[in-house]
Amino acid sequence: MTLKPSIAQIDEQVKLEREAISLGLKRLQDQTIKLENQSYASASIYGISSIETLLPHLIKRIEKTDKRIYEGHNGVAFKDIYLYLQLIDSQSVAVIACKLAFDKIFSYKDKSNIAINVCSAIGHAVEDECQMRHYEKYAPGLLAKLKENYWHRACGTQQKLTIIRTLMNRYDVKQWHKWSSAIHVKLGGWLLDCIMESSGWFQKQTIREGRKTIVYIVPTPEFMDIKDEVMANAELFSPLAWPMLIPPKDWSNESSGGYLLNEVMHGHSLVRRSDPALIQGETPIAFLNKIQKIAYRLNPFIIKVAETLQQQEISVGKFLPIIHYDLPPKPVDIADNKDARKNYRRSAAEVMNKRAAEFKRNCRTRMTMEAVQRFKDRERWYIPWSFDYRGRAYPIPAFLTPQDTDFGKSLLNFADETYITDRGCKWLAFQCATTWGHSLDKSTWDERLEWVSENIPLITRVAKDPIDNLGDWEAADEPWQFLSACDEYYHCAILKDRKTTGLPVATDATCSGLQILAGLARDKRTAQLVNVLPSERPQDAYEVVAEAARSNIPPSLHKVWDRKAVKRTVMTIPYNAKPFSSRSYIRDALLEKGIEINKDDLTITVQAVRDAMNEIVPGPMAVMKWIESEINIAIRKGPLDYKDVKVGNNEDGTPITKKVKFFTHKGFTWVTPSGFVVNQYIMKREIKRLQLQLLGRCEVSLAKYTNETDLNRHKAATAPNLIHSLDASLLHLSMQEFNNPIALIHDSVLCRCVDMDELSAIIRETYMHLFAERDYLNDFAQQIGAETEPPITGDLQPESVINSTYFFC
């Protein structure tokens, strides 16, 4: 039972939230200033937002002028520019020009925004990209290898270019002819003019400095108003999201829940990425409010181990503390010896690169440990939650939640402990074996318990001295959760000096997508494969599919072919993964075994696995195909509109267009068995993806979301979203009956070991009621206006799940 917080506790929580707002705002401001100081304003909040808005207009402006240059209407002054513009497309040059303009104009560095410096920087950046494309054209294999071997050591685009240029010269690749400074300024000046004319955001400002007249580029008052508005909106979402010291405020259809100040800040919604006007059912909202009242505390044993390893700079799994690298000592003759100075600079650069890479690598661990310091002395605290648009629950904080990394999960205990029982000790043993992994998660109950009995010395060593016995636990599949399980099992079941427990014990659904589809199709064969039906040991759908595909894959793969080769493919097909994704999953799985498969064999293998899926799980595959077909029909019979599409040019250069119809269907809404209202609304967005050699992959948004329905994404998304909405509904309904502490990770549930039998029974009963007492696939068909009957196999009796030991295991 949750006690009502006192006035003092409420005041403390409000103070904490105000501190989170203040620190979040300071972090946003500090980050913006830091980017401007480093001449990276293009990466700031206002820079990203402004460039995204400007790019479509700038591209059109460049293309218009480019056409005039080509036709000879712009005069002799543009002749040289056009020669260089031929080397790069208008979208890429627009991205580069915008980035450099924002970086230079908003930089705090002295004289950075002088007009000639801005123009020169833009011209240089365009040349750098063209030079990299030159190398890609004449030595593509070498360039790819050099990037792979050297770029991870480099920081900054200029250092990367210098490395590549030096090595390309060493390998005698066709030489790049460097552009002159005059071309840099002329080309950069033209692009800067295009930016100024397209946006109206920048202007020239002439300032008399002594005897010189200097032209600066400065933002206009109109842009400063835009910048202030963007930053003001960003500040609304900048507060840090921490756990709460008191139970979060209840959500309702009428008012915001979660943080006490959420209604004032408007920072978080009941349902993310959905129509706020939708009225959600009582059961989902009651579920959300219930899990928000679960109290947690940090595990002191895990904190102690983490702090020790942090101090010793030792990484384990997802725990990545900062490793310090010292700069090399300066040579005594550095001022006079050119070679010594060159070698020192090279060595120092390598150390600085390592430091920068290390800072990025351990960001999550650093922030997690900061949160640990804030909450480690608290006896109980709470997590505010909200829904995604399919009804799945997500914690609002980014750290100290059940949906964290292996290390983050291991930090959590339920604050409300319970007395340990013999049955509870067996579930603690189950947690030890399952987190150890190495295929034990596919073993029977008895095999897992037997493994624990045989490894009591290992568990004891790990629990008593985890630092000196680091090698005993870091090899586990989930090392940090294995460590916390060993500690709890040792004190509760071996030493027996701990009488209560609050350790979260986890059980996972077996391929939950197929479990849901088996229930929808009432497909007995699939249900048996994914442990919906009782069996003596856990069933392995991945192994069955692998064996079914074996006869159709190339013989050269037979020796290494196993469940791991197909696992990700089988797991993702219920979520509408396409053959292209399956190719990468199978290729990566085989690479881990040291096998590099060729293109043709990969095509044969992917098809063999997908054919095996149709043979082994025909019910789910038929349901997915039916959903895709009905969504296609529903959208195509909806409202139509027309737009003019360019198909060519007349002799005089004017465009030839034709009218093309497009769909304006406003998406789909369905209500899950728990009463959650799903709103699937997917409209097309015009995006051009660019791969710049130095600036990396980026997207050019040519427009905001259009009024055209994205038919292909609707077809691909509906089956996965239906599955997600139903596994969420299963938990919404299950929590009506379960009144003990619980944590959730979508298709995984965690509770105290003594409560696991009760929770498992409730989930099985809920699944039975969900698919035995109602035919939801027909309900869904009516809601989307399906024209054909859904393909229901009909030979499954879902009530059999009551006796399934491994439904969640």
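Residues numbered from 1 in each chain as written. Predicted model: local features only at pLDDT ≥ 70, side-chain atom pairs only at ≥ 80, totals over all residues. Heavy atoms only, no water.

Draft legend 1. Representation of the overall build of the protein chain. In terms of regular secondary structure, the protein chain is built from 30 helices and 18 strands. The C-alpha extent of the protein chain, read off along each of the three principal axes, is 90 × 75 × 65 Å. For the protein chain, the proportion of its 809 residues judged to be buried stands at 51%. Long-range pairs, those at least 24 residues apart, make up 71% of the contacts in the protein chain between residues at least 6 apart in sequence. Of the accessible surface of the protein chain, which amounts to about 39100 Å², a share of 51% is contributed by carbon and sulfur atoms. Positive and negative charge centroids in the protein chain, built from 104 and 102 side chains respectively, lie 7 Å apart. (Helix = DSSP H or I, 4+ residues; strand = E, 2+ residues; numbered from the N terminus. Buried < 20%, exposed > 50% of the residue type's maximum accessible area, 1.4 Å probe, protein only. Contact = heavy atoms within 4.5 Å. Areas by Shrake-Rupley, 256 points an atom, 1.4 Å probe, with all protein chains shown as cover. Lys, Arg positive; Asp, Glu negative; His and termini not counted. Charge placed at Lys NZ, Arg CZ, Asp CG, Glu CD.)

Draft legend 2. Inspection of the side chain of Ser 484 at higher detail. Tracing the backbone through its elements, the reader meets Ser 484 in helix H20 (residues 479-494). On the basis of relative accessible area, Ser 484 is assigned to the buried category, the value being 4%. Beyond its immediate chain neighbours, meaning those up to four positions away, Ser 484 contacts Asn 299, Ile 302, Ser 410 and Leu 503.

Draft legend 3. The arrangement of the sheet that holds strand E7 (residues 412-414) in detail. Reading across from one edge, E4-E3-E7 is the order of the three strands in this open sheet, with antiparallel pairing throughout. Where the open sheet ends on each side, the last strands, each with one partner, are strand E4 (381-382) and E7. Pairing of strand E3 (residues 295-298) with E4 involves two bridges; the strand directions are antiparallel. Along E4, the bridge assignment pairs Ala 295 with Tyr 382. (Pairing = 2+ DSSP bridges.)

Draft legend 4. Structural context of helix H30 (residues 776-784). Residues of H30 that are buried include every one of Tyr 776, Leu 777, Phe 780, Ala 781 and Ile 784, and no others. With its buried residues spanning 150° around the axis, H30 presents them on a single face. Close packing links the buried residues of H30 with helix H21 (512-521), helix H27 (618-636), strand E13 (668-671) and helix H28 (711-734). Positive backbone phi, approximately 70°, marks Gly 785, located one or two places after H30. (Arc of directions from axis to C-beta.)

Draft legend 5. Looking closely at a negative patch on the surface. On the surface, Glu 222, Asp 225, Asp 228 and Glu 229 cluster together into a negatively charged patch. With respect to the secondary-structure elements, Asp 228 resides in helix H9 (residues 221-236). Residue Asp 228 is classed as partly exposed on the basis of its relative accessible area of 48%. (Patch = residues over 30% accessible without salt bridge, like charges linked within 9 Å, V, L, I, M, F, W, Y side chains within 5 Å. Salt bridge = Lys/Arg side-chain N within 4 Å of Asp/Glu carboxyl O.)

Draft legend 6. A look at the packing of helix H5 (residues 115-138) against helix H7 (residues 157-170). Running from amino to carboxyl end, H5 crosses H7 at an angle of 35°, the nearest separation of the two axes being 11 Å. When the axes of H5 and H7 are compared, the crossing they make is left-handed. Facing H5, whose interface residues are Asp 128, Gln 131, Met 132 and Tyr 135, H7 presents Gln 158, Leu 161, Ile 164, Arg 165 and Met 168. (Axes fitted to C-alpha atoms, helices over the stretch in contact; angles between N-to-C directions. Left-handed = near helix turned anticlockwise from the far one by under 90°.)

Draft legend 7. Inspection of the state of the cysteines at higher detail. Scanning all chains against the criterion turns up zero disulfides. Cys 98 takes part in no disulfide bond, and the closest cysteine sulfur, belonging to Cys 194, lies 10 Å away. Take Cys 98: its relative accessible area is 0%, and that puts it in the buried class. Unpaired in this structure, Cys 753 has its nearest cysteine sulfur neighbour in Cys 492, at a distance of 6.8 Å. (Disulfide = S-S within 2.5 Å.)

Draft legend 8. Representation of the packing of aromatic side chains. Enumeration according to the criterion identifies 26 aromatic pairs in this entry. Plain terms: the ring middles of Trp 670 and Phe 780 are 5.3 Å apart, the flat faces sit at 85° to each other, and that makes the pair edge-to-face. Pair noted here: Trp 670 is in strand E13 and Phe 780 is in helix H30, with a separation of 110 residues, a long-range link. Residue classification places Trp 670 among the buried residues on the basis of a relative accessible area of 0%. Under the relative-accessibility criterion, Phe 780 is labelled buried at 0%. Among the aromatic residues, those joined into a ring-pair cluster are Tyr 46, Phe 102, Phe 106, Trp 201, Phe 202 and Phe 223. When the ring centre of Tyr 46 is taken as origin, the NZ or CZ atom of Lys 227, which lies over that ring, is 4.5 Å away. Taking the ring centre of Trp 445 as reference, the NZ or CZ of Arg 423 above it sits at 4.9 Å. (Phe/Tyr/Trp six-rings, centres within 6.5 Å; stacked < 30°, edge-to-face > 60°. Lys NZ or Arg CZ within 6 Å of the ring centre and 35° of its normal.)

Draft legend 9. Layout of H28. With 24 residues, H28 extends 35 Å from end C-alpha to end C-alpha; this agrees with the ideal 34 Å at 1.5 Å per step. Where H28 bends most, the angle comes to about 35°, and this point is Ala 717, followed within four residues by the proline Pro 720. Across the 24 residues of H28, 21 count as buried, placing the element largely inside the fold. (Expected span 1.5 Å × (residues − 1). Bend = angle between axes of the 7 residues up to and from the residue.)

Draft legend 10. The arrangement of the nonpolar core in detail. Of all hydrophobic cores here, the largest spans 158 residues; its most connected members are Ile 291, Leu 298, Leu 400, Trp 473, Trp 480 and Leu 520. Look past the residues within four positions of Leu 520 in its chain and what remains in contact with it is Leu 722, Leu 726, Phe 771, Tyr 776, Leu 777 and Ile 792. Counting 58 residues, the second largest nonpolar core, distinct from the first, contains Leu 55, Val 93, Ala 139 and Leu 187. (Core = buried A, V, L, I, M, F, W, Y, C linked by side-chain atoms within 4.5 Å.)

Draft legend 11. Quick peek at a positive patch on the surface. On the surface, Arg 170, Lys 338, Lys 342 and Arg 346 cluster together into a patch of positive charge. In terms of residue count, the dominant contributor to the positive patch is helix H13 (residues 338-361) (three residues). Residue placement: Arg 170 occurs in helix H7. On the basis of relative accessibility, which here comes to 61%, the residue Arg 170 falls in the exposed class.

Draft legend 12. Focus on unusual backbone geometry. Even without a glycine there, the phi angle at Asp 172 is positive, about 60°. For Asp 172, the position within the fold is in the loop between H7 and helix H8 (181-199). The class of Asp 172 is exposed, set by a relative accessible area of 69%. Backbone geometry at Arg 522 places phi at a positive 50°, although glycine is not the residue there.

Draft legend 13. Inspection of the sheet that holds strand E17 (residues 742-745) at higher detail. Within the open sheet, the three strands sit side by side as E10-E18-E17. Their pairing is antiparallel. Edge positions in the sheet fall to strand E10 (505-508) and E17, since each has one partner strand and no second. Shown here is a sheet whose adjacent strand axes are inclined to one another by a mean of 20°, direction ignored. Sheet analysis places E17 next to strand E18 (residues 748-751), joined by four bridges and oriented antiparallel. Along E18, the bridge assignment pairs Ile 742 with Cys 751.

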